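Descriptive analysis of the structure
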Amino acid sequence: MIRVFEDPETLSRGAAEFIVGVAREAVAGRGRFSVALSGGGTPRRTYELLAQPHFRDEVDWARSHIFWGDERCVAPDDPRSNARLAKGALLDHVPVPASQVHPMDCRPSPAAGAQCYEALLREFFAPGEPRFDLLLLGLGENGHTASLFPGAPVLAETKRWVAAVYVAEQDLRRLTLTAPLINQAQAVAFLVAGAAKAAVVREVIAGPWDPKRLPAQLIRPESGQLHWLLDQASAGSLRL
Ligand code: 6PG
C-alpha cells in the first residue's frame, strides 16, 4: 500500500499515526508489540512526534519491545548511532521498560554481535516464527535499505537473521537484519521523504526487478503487508 503525504511534517505525523495503529492492534491481538526501528535521518521527526503526549499516551509501552533493523558499528554516543537517534528522539521520553529495548551491539566484534542479536531474536520469538509486528525501513538514494547495500554478499543470505556487513563507501562496519527475516514481518513500512529519493522510489516500486542493484526490492513480506509512506517530493512521478 502506498500513501503519499503533502510534506515531510504531515508524512511524519502520518507515520506516527500508522505506528500507533499497528501497536494498538498488536497488543489487542497478540498481547505485545514488537517493532524494529530504522536508522538514518528520515524517521527522527516521527520518533519525536511519538514521544509527544498525543501519540505517546496511545501506545502501551509496557507491552512494547523495541529492536533495530540495523546499526552502525560506532560508540553508543556517536552521532551516527541509530540507537542514539531513537533514544534521544523517543525512547528516553516514553515509559518503555529498559529491559524491552534491544539495541544492536558490535562488541566484542561485528560477527559476534550479529550472532548475539540473532540469539536474542530467536529467544524473543520462540517458539513461533520471527514475525515483527512492524519493521520500519528507510531507503537510500542508491537503493539500499537497512544495511543491505547494492552488490553486498548479504543480499544472497537465505538462512541467517542478522549479519555483519562492511560498507566500503563509508568505511563502516554495520549489523543488519537480513531480507529473509525482514520478509517474515507482519508489516513492513518504508518511510521516505525528499525529492532526492524520487528516482530510486520509482525504480524500486515500478522499475525492473534488479535487487542486486536495488536491495530494497528484496523486501517482499511473505504474508505480511508492505507499506510505502512517502511525501509528495519522494513520490515524484509515481503513477499511483
Ligand atoms: C542506516 C539506515 C539506512 C537509512 C537510509 C535512509 O542505518 O543508515 O538504516 O537504511 O534508512 O540510508 O537514510 P535517511 O533517512 O537519512 O535518508
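Presented here is an overview of the structure given in this document. Every chain is numbered independently, its residues counted from 1 as its sequence is written. Residues qualify for local features only when their pLDDT is at least 70, as the model is predicted, and side-chain atom pairs are given and counted only at 80 or more; totals for whole chains, interfaces and linings, by contrast, use all residues. Only hydrogens and water are set aside when side-chain values are computed; all heavy atoms of the structure are taken into account.

1. A word on the nonpolar core
Rules: Each nonpolar core is a collection of buried residues, namely Ala, Val, Leu, Ile, Met, Phe, Trp, Tyr and Cys, held together in the definition by side-chain atoms within 4.5 Å. The rule is simple: take the accessible area with a 1.4 Å probe, protein chains only, and divide by the maximum for that residue type; under 20% is buried, over 50% is exposed, in between is partly exposed. Only runs of H or I of at least four residues qualify as helices and only runs of E of at least two qualify as strands under DSSP, and these elements are numbered from the N terminus. Contacts between residues were defined by any pair of non-hydrogen atoms, one from each residue, lying within 4.5 Å.
In this structure, Trp68, Leu121, Phe132, Leu134 and Leu177 are the most contacted members of the largest nonpolar core, which totals 83 residues. Among the elements that take part in this core, helix α1 (residues 8-30) stands out by supplying 10 residues, more than any other. Dropping the residues within four chain positions of it, Phe132 is found in contact with Ser34, Val35, Ala36, Phe67, Leu121, Phe125, Leu177, Leu181, Ala185, Gln186 and Ala187.

2. Section: α1
This is how it is decided: A helix is expected to span 1.5 Å for every residue after the first. Within 3.5 Å is the distance limit for a polar contact, defined as a pair of N or O atoms, with the added protein rule that one can donate a hydrogen and the other accept it, and that residues adjacent in sequence qualify only through two side-chain atoms.
Relative to the 33 Å expected for 23 residues at 1.5 Å per residue, α1 spans 32 Å between its end C-alpha atoms, a close match to the ideal helical length. The complete set of buried residues in α1 reads Leu11, Ser12, Gly14, Ala15, Ala16, Phe18, Ile19, Val20, Val22, Ala23, Ala26 and Val27. Regarding α1, its N-cap is Asp7, as a side-chain oxygen of that residue lies 3.1 Å from the backbone nitrogen of Glu9 further along.

3. Section: the pairing of strand β9 (residues 225-231)
Successive residues of a regular strand alternate their side chains across the two faces of the sheet. Spelled out, the test is: Strand pairing is assigned whenever DSSP detects at least two bridges linking the two strands. Looking down the strands as they point away from you, a crossover is right-handed if its path from the first strand over the helix to the second goes clockwise.
Extensive coverage of β9 is indicated by the burial of 5 of its 7 residues. Where strand β1 (residues 2-5) lies against β9, 4 bridges are found, and the strand directions are parallel. When the sheet's bridge partners are listed, Arg3 is paired in β9 with Leu229. Relative to β9, strand β8 (residues 187-192) runs parallel, the two sharing 6 bridges. Pairing of Val192 across the sheet is with Leu230, part of β9. Between the parallel pair β8 and β9, the chain is carried across by helix α7 (residues 198-206), and the sense of this crossover is right-handed.

4. Considerations on the environment of His54
With respect to the helices, strands and loops of the structure, His54 is situated in helix α3 (residues 53-56). On the basis of relative accessibility, which here comes to 55%, the residue His54 falls in the exposed class. The spatial distance from the C-alpha of His54 to the C-alpha of Glu17 is 10.0 Å, given a sequence separation of 37 residues.

5. Description of the site of the ligand
Applicable threshold: One heavy atom within 4 Å of a molecule or strand is enough for the residue carrying it to be called near that molecule or strand. For accessible areas, the Shrake-Rupley method is used with a probe of radius 1.4 Å. Any residue's cover is judged against the shown protein chains and nothing else.
Close to the ligand lie 15 residues, the nearest being Gly41, Thr42, His144, Ala146 and Lys197. At a separation of 2.5 Å, an oxygen atom of the ligand approaches a polar side-chain atom of Thr42. Residue Ala146 places a main-chain N or O atom 2.7 Å away from an oxygen atom belonging to the ligand. If the ligand stood free it would expose 410 Å²; the protein chains cover 85% of that surface.

6. With respect to the sheet that holds strand β3 (residues 64-68)
Put simply, the rule is: In this analysis an axis means a line fitted to C-alpha atoms, helices contributing only their contacting stretch, and an angle means the value between N-to-C directions, from 0 to 180 degrees.
One open sheet accounts for 6 strands, arranged β1-β9-β8-β5-β2-β3; its pairing is parallel. Each edge of the open sheet is held by one strand with a lone partner, namely β1 and β3. With strand direction ignored, the average angle separating the axes of adjacent strands in the sheet is 20°. Of the strands in this sheet, β1, β2 (33-37), β5 (134-137), β8 and β9 touch α1, which is tilted by about 155° from β9. Packed on one face of the sheet, helix α5 (residues 110-125) meets β2 and β3 and runs near 155° to β3.

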